[in-house]
Amino acid sequence: MKLITFAGPPSVGKTSVILRLLEVLRREDKKAGVIKFDCLTTFDRQVYEQADIPVQIGLSGKFCPDHFYISNIEEGVNWGKSQGFDYLITESAGLCNRCSPYIENILAVCVIDCLSGIQTPRKIGPMVKFADVIVVTKGDIISQAEREVFLYNVYQANPKAQVIFVNGITGQGAFMLKKYIAQFADIDGLSGARLRFTSPAAVCSYCTDEMRVGEKYQLGMTKKMEFR
């Protein structure tokens, strides 16, 4: 089974890209499933079920999405293997632009859209920097000059990535994405696998439900600004 990790900021079109990719895989008689990781709520279950795609939903709630993902992905892989999938796709929240749930030797795909601003690729951080593939969406809405500037900034953030423009509505580019992911090897499990980047620090008083503002209430791992 091939495991593919999709990450990216909210509303960039991750689900649409995944659906178009799954259409290509289905035409080749490949069986695929999806695990959707999000924070508070998601409406993607209905979308995947309408497309007759097996899906599992995980909501992190008050926990860091990265920590939640890593704590559950091994069980997710076991579920995928038990279902006999050829491909298991995970989709993560990426709400803070810091989240990068990428694992060594597991295909990492970051989805970003052209409408978020030409400097966006440099603002997202490890989610872009450590991706194998960067899928760019909504490229048909902007001019060719804007696309080229956006693409330049993508390569500045991650010069080694394979960049693919995908139209989440028409599916254009999904076949190229499928050809690339097919090159990655199958996996048997994730026990002992390593992350590509550290997860966010998450041990402070606010992690344990503290709600009061003030330095005397801030315990554990905190980071303070220096104001001059």
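Everything in this summary refers to the structure shown in the same document. (Residues numbered from 1 in each chain as written. Predicted model: local features only at pLDDT ≥ 70, side-chain atom pairs only at ≥ 80, totals over all residues. Heavy atoms only, no water.)

## As for the overall build of the protein chain
Here comes step 1: Within the protein chain one finds 7 helices and 7 strands.
Here comes step 2: Ordering the α and β elements of the protein chain from the N terminus gives β-α-β-α-β-α-β-β-α-α-β-α-β-α.
Here comes step 3: The C-alpha radius of gyration of the protein chain comes to 18 Å, within 12% of the 17 Å expected for a compact globule of 228 residues.
Here comes step 4: With respect to the three principal axes, the spread of C-alpha positions in the protein chain is 60 × 45 × 30 Å.
Here comes step 5: Counting only residues that meet the buried cut, the protein chain has 47% of its 228 residues in that class.
Here comes step 6: Across the protein chain, contacts joining residues at least 24 apart in sequence account for 73% of those joining residues at least 6 apart. (Helix = DSSP H or I, 4+ residues; strand = E, 2+ residues; numbered from the N terminus. Rg over C-alpha atoms; globule rule 2.2 N^0.38 Å. Buried < 20%, exposed > 50% of the residue type's maximum accessible area, 1.4 Å probe, protein only. Contact = heavy atoms within 4.5 Å.)

## Quick notes on the pattern of salt bridges
Here comes step 1: Scanning the model with the defined rule gives 9 salt bridges in all.
Here comes step 2: Between Asp 38 and Lys 36 there is a salt bridge, and its shortest N-O distance comes to 3.7 Å.
Here comes step 3: Looking at Asp 38, the relative accessible area reads 15%, which means it is buried.
Here comes step 4: You can call Lys 36 buried: its relative accessible area is 5%.
Here comes step 5: The structure contains a network of salt bridges with shared partners spanning Lys 36, Asp 38, Asp 44 and Glu 91. (Salt bridge = Lys/Arg side-chain N within 4 Å of Asp/Glu carboxyl O.)

## Section: helix α1 (residues 14–27)
Here comes step 1: Between the first and last C-alpha of α1 there are 20 Å, a value that for 14 residues agrees with the 20 Å anticipated at 1.5 Å per step.
Here comes step 2: When you tally the buried positions in α1, you get 10 out of 14 residues, the bulk of the element.
Here comes step 3: Listed as buried for α1 are Lys 14, Thr 15, Val 17, Ile 18, Leu 19, Arg 20, Leu 21, Leu 22, Val 24 and Leu 25.
Here comes step 4: A positive backbone phi angle near 60° is found at Asp 29, which sits one or two residues after α1. (Expected span 1.5 Å × (residues − 1).)

## Quick look at the sheet that holds strand β4 (residues 87–91)
Here comes step 1: Strand order in the open sheet formed by 7 strands is β3-β2-β4-β1-β5-β6-β7, and the pairing between neighbours is parallel. Of all the strands in the sheet, just β3 (55–59) and β7 (162–165) have a single pairing partner and so form its edges. Neighbour to neighbour, the strand axes of the sheet diverge by 20° on average, direction disregarded.
Here comes step 2: Two elements, strand β1 (residues 2–7) and β4, share 5 bridges in a ladder whose sense is parallel. When the sheet's bridge partners are listed, Phe 6 is paired in β4 with Glu 91.
Here comes step 3: Sitting on the sheet, α1 touches β1, β2 (32–38), β4, β5 (107–113) and β6 (133–137), and the angle it makes with β4 is about 175°. (Pairing = 2+ DSSP bridges. Axes fitted to C-alpha atoms, helices over the stretch in contact; angles between N-to-C directions.)

## Details of the side chain of Glu 210
Here comes step 1: Along the chain, the position of Glu 210 falls in the segment after α7 (174–181).
Here comes step 2: Within polar-contact distance, the side chain of Glu 210 engages the backbone nitrogen of Arg 212 at 2.9 Å.
Here comes step 3: Excluding residues that lie within four positions of it along the chain, Glu 210 makes contacts with Ser 205 and Tyr 217. (Polar contact = N/O pair within 3.5 Å; in protein donor to acceptor, adjacent residues only side chain to side chain.)

Structural measurements only, silent on function.
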